[in-house]
Amino acid sequence: MNRRMIAVLGGVAAMAGTVAFAGPAEAASTPCSAEAKACVQRSSNTAWLTDGAGNVTYGGVPITVGLPKYPTPLGKFHVQYKDIDHYSKQYNGPMPYSVFFTTTGVAFHQGSLKVKSHGCVHLSKAAAVKFYNSLHPGDVVEVVR
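As a starting point, this report considers the structure included with it. (Residues numbered from 1 in each chain as written. Predicted model: local features only at pLDDT ≥ 70, side-chain atom pairs only at ≥ 80, totals over all residues. Heavy atoms only, no water.)

## Topic: the pattern of salt bridges
In total, this model carries 1 salt bridge according to the counting rule given. Linking glutamate 35 and lysine 76 is a salt bridge whose minimum nitrogen-to-oxygen distance equals 2.7 Å. Separated by 41 residues along the polypeptide, glutamate 35 in the loop between α1 (2-20) and β1 (38-41) and lysine 76 in strand β4 (residues 75-78) bring together distant segments of the chain. Using a relative accessible area of 38% as the deciding quantity, one classes glutamate 35 as partly exposed. Look at lysine 76 and you get partly exposed, because its relative accessible area is 47%. (Salt bridge = Lys/Arg side-chain N within 4 Å of Asp/Glu carboxyl O. Helix = DSSP H or I, 4+ residues; strand = E, 2+ residues; numbered from the N terminus. Buried < 20%, exposed > 50% of the residue type's maximum accessible area, 1.4 Å probe, protein only.)

The structure is reproduced here in structure tokens:
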């Protein structure tokens, strides 16, 4: 019985030694610059929130972006304003939890993750609420390929 206990303890020690030598977990990152508080990658249909120093605080979450005819613009932008109950007269539809980041009306908002937009970034309801509560006028938003 003592030999069996020693064998078990020896196995646990061996596993602990293996774990001790495992490398640290990689920190999550985005394809955007460190200053971006929100990052959108069109090619992967993914968006993230960060602390503005390159550290991911939320995401990546699935998104949909603009149709080829109405692409979500690439570049660096700043949050312009927010509207929790925005309604688009132009496209005759609700845009809940809107965070506008261009001067031409492009926003993050709750929308279909199966249907592409007229340039906006569609998020699930949970993600739209998180983006709405986390982003503020002046924050940097970056959209990359």
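That shown, we press on.
## Topic: the side chain of threonine 30
Structurally, threonine 30 can be placed in the loop between α1 and β1. Only 3.2 Å separates the side chain of threonine 30 from the backbone nitrogen of cysteine 32, close enough to count as a polar contact. Residue contacts for threonine 30: discarding those within four places in its chain leaves Cys39, Trp48, Thr50 and Val56. (Polar contact = N/O pair within 3.5 Å; in protein donor to acceptor, adjacent residues only side chain to side chain. Contact = heavy atoms within 4.5 Å.)

## Thoughts on the environment of glycine 60
Within the secondary structure, glycine 60 sits in strand β3 (residues 56-62). Overall, glycine 60 belongs to the partly exposed group, its relative accessible area being 43%. Residues glycine 60 and threonine 46 lie 14 residues apart in sequence; the distance between their C-alpha atoms is 5.6 Å. Setting aside residues no more than four positions away along its own chain, glycine 60 makes contact with Thr46, Ala47 and Trp48.

## A short note on the environment of threonine 57
Mapped onto the secondary structure, threonine 57 falls in strand β3. Exposure remark for threonine 57: the relative accessible area of 51% places this residue in the exposed category. Apart from the residues lying within four places of it in its own chain, the contact partners of threonine 57 are Leu49, Thr50 and Asp51.

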